[in-house]
Amino acid sequence: LARSVVRTTTSHGWENAIDMEVASRSSRTVQWYPGHVAKAERQLREQLKVVDVVLEVRDARCPLATRHPQFEDWTGHRRRLLVINRFDMIHEEDRLEWAQYFGDTGQQVFWTDAKTGKGIQRLVRAAASASTEINTKRKKRGLKPRPVRAVAVGFPNVGKSALINRILGRRYCDSAPRPGVTRQLRWVRVQDQLDLLDSPGILPTRLQDQDAARRLAMCNNIGTAAYSDSQVAIAFVELCRGLPDADAHMEALRRRYGLQLDLDTCSEEDVIEEVAQSLFGGDTDRAGARILKDFRTGKFGTFSLENPPEAK
């Protein structure tokens, strides 16, 4: 396949070779719906018929973007526990603002950090607490008691498997900091009163909100084949400029990469281009990948990419 290259000059006078294949890829919408997700969705909806409690796991850095629009319809009357994982990756002020928002909207939230185990035991107790109600009904029907059946659901790479491993106190589910690791549903006995089902990450068939889709990419909640690192990094810099602590976020970028730009007047593209020139011989996609990796590993500090919606 022939590939064409166009040479352009940036606003800072650098000559930049733009691979037209990459440019085409970066200009398209962010969409990712691999075959294993479609299969997992069918299996999950079938298993939901025998589930008592649903643990909906979201990413604390983007709790709105990691909300699946169909989960509530699928779960119906079943008890749903909203789990905001990775709360260690956002600032405490962000967490308190989100806690206020969820409280105002009548949603009980369980804040967890699967890496350290914070919040895990409270979540387990809440899931297992359904046992009394379930088995009282079963006893009236002449049935033997059984454990509560719970399922962990959520977008890819929000930490479902890591959460289950922490609950068990051992590595049972494959877990890695990238989307698509879990490919099949697995039941595991947590304790006498609780069985837990791990499920692959589930996505809508189409990501309608492209701003939210880019936040998913920033947090590594969708596969890298869906986007261009440089374009998502540009969107990340733009987003940082719109956050409440914008000056602090931009200063973190400056310190991290030794930027010489005037960050008040330069474009987001200029930021990526300077990182590319100083570290990667002008390769903006590698520069974008580095910026995204640094964000995902906390090199710019802890903060949420989203603000709670204003009360209506």
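Attention in this report is confined to the structure presented alongside it.

The rules behind the values
- Residues numbered from 1 in each chain as written.
- Predicted model: local features only at pLDDT ≥ 70, side-chain atom pairs only at ≥ 80, totals over all residues.
- Heavy atoms only, no water.
- Helix = DSSP H or I, 4+ residues; strand = E, 2+ residues; numbered from the N terminus.
- Expected span 1.5 Å × (residues − 1).
- Buried < 20%, exposed > 50% of the residue type's maximum accessible area, 1.4 Å probe, protein only.
- Contact = heavy atoms within 4.5 Å.
- Phe/Tyr/Trp six-rings, centres within 6.5 Å; stacked < 30°, edge-to-face > 60°.
- Lys NZ or Arg CZ within 6 Å of the ring centre and 35° of its normal.
- Salt bridge = Lys/Arg side-chain N within 4 Å of Asp/Glu carboxyl O.
- Axes fitted to C-alpha atoms, helices over the stretch in contact; angles between N-to-C directions.
- Parallel < 35°, antiparallel > 145°, perpendicular 65-115°, else oblique.
- Left-handed = near helix turned anticlockwise from the far one by under 90°.

## Thoughts on helix α9 (residues 229-241)
At 3.6 residues per turn, the α-helix brings residues three or four places apart onto the same side. Relative to the 18 Å expected for 13 residues at 1.5 Å per residue, α9 spans 18 Å between its end C-alpha atoms, a close match to the ideal helical length. Counting buried residues in α9 gives 10 out of 13 residues, a clear majority hidden from the surface. All of the buried residues in α9 are Asp229, Ser230, Val232, Ala233, Ile234, Ala235, Phe236, Val237, Leu239 and Cys240. For α9, the elements touching its buried residues are α8 (210-218), α10 (246-257), α11 (268-279) and α12 (284-296).

## Focus: the packing of aromatic side chains
Under the definition given, this model contains eight aromatic pairs. Seen from their ring centres, Phe295 and Phe303 are 5.6 Å apart, and the 50° between their planes marks the pair as tilted. A relative accessible area of 3% means that Phe295 is categorised as buried. The class for Phe303 is buried, based on a relative accessible area of 4%. Here the aromatic residues Phe236, Tyr257, Phe295, Phe300 and Phe303 are joined through ring pairs into a cluster of three or more. Against the face of Trp111 rests Arg95, its NZ or CZ located 5.4 Å from the ring centre.

## Quick word on the pattern of salt bridges
Summed over all chains, the structure comprises 18 salt bridges. A salt bridge links Asp52 to Arg146; the nearest nitrogen and oxygen atoms lie 2.8 Å apart. In this pair, Asp52 sits in the loop between α2 (35-47) and β3 (53-59) while Arg146 sits in the loop between α6 (131-140) and β6 (148-154), placing the two residues 94 residues apart along the sequence. The buried category is assigned to Arg146, whose relative accessible area is 16%. Between Lys115 and Asp88 there is a salt bridge, with its nearest N and O atoms 3.5 Å apart. You can see Lys115 sitting in the loop between β5 (109-112) and α5 (120-128) and its partner Asp88 sitting in the loop between β4 (79-85) and α4 (92-104), a full 27 residues away along the chain. Accessibility expressed as a relative area gives 61% for Lys115, which makes it exposed. Its relative accessible area of 26% is what places Asp88 among the partly exposed residues. Taken together, the shared-partner salt bridges in this structure form one network comprising Glu56, Arg58, Arg67, Glu72 and Arg80.

## So, the packing of α9 against α12
Closest axis-to-axis distance for the α9/α12 pair is 7 Å, and the angle between their directions is 50°. Comparing the axis directions of α9 and α12 gives the class oblique. Note on packing geometry: the crossing formed by α9 with α12 is left-handed. Contact residues: α9 offers Asp229, Ser230, Val232, Ala233 and Phe236, while α12 offers Thr284, Asp285, Gly288, Ala289, Ile291, Leu292 and Phe295.

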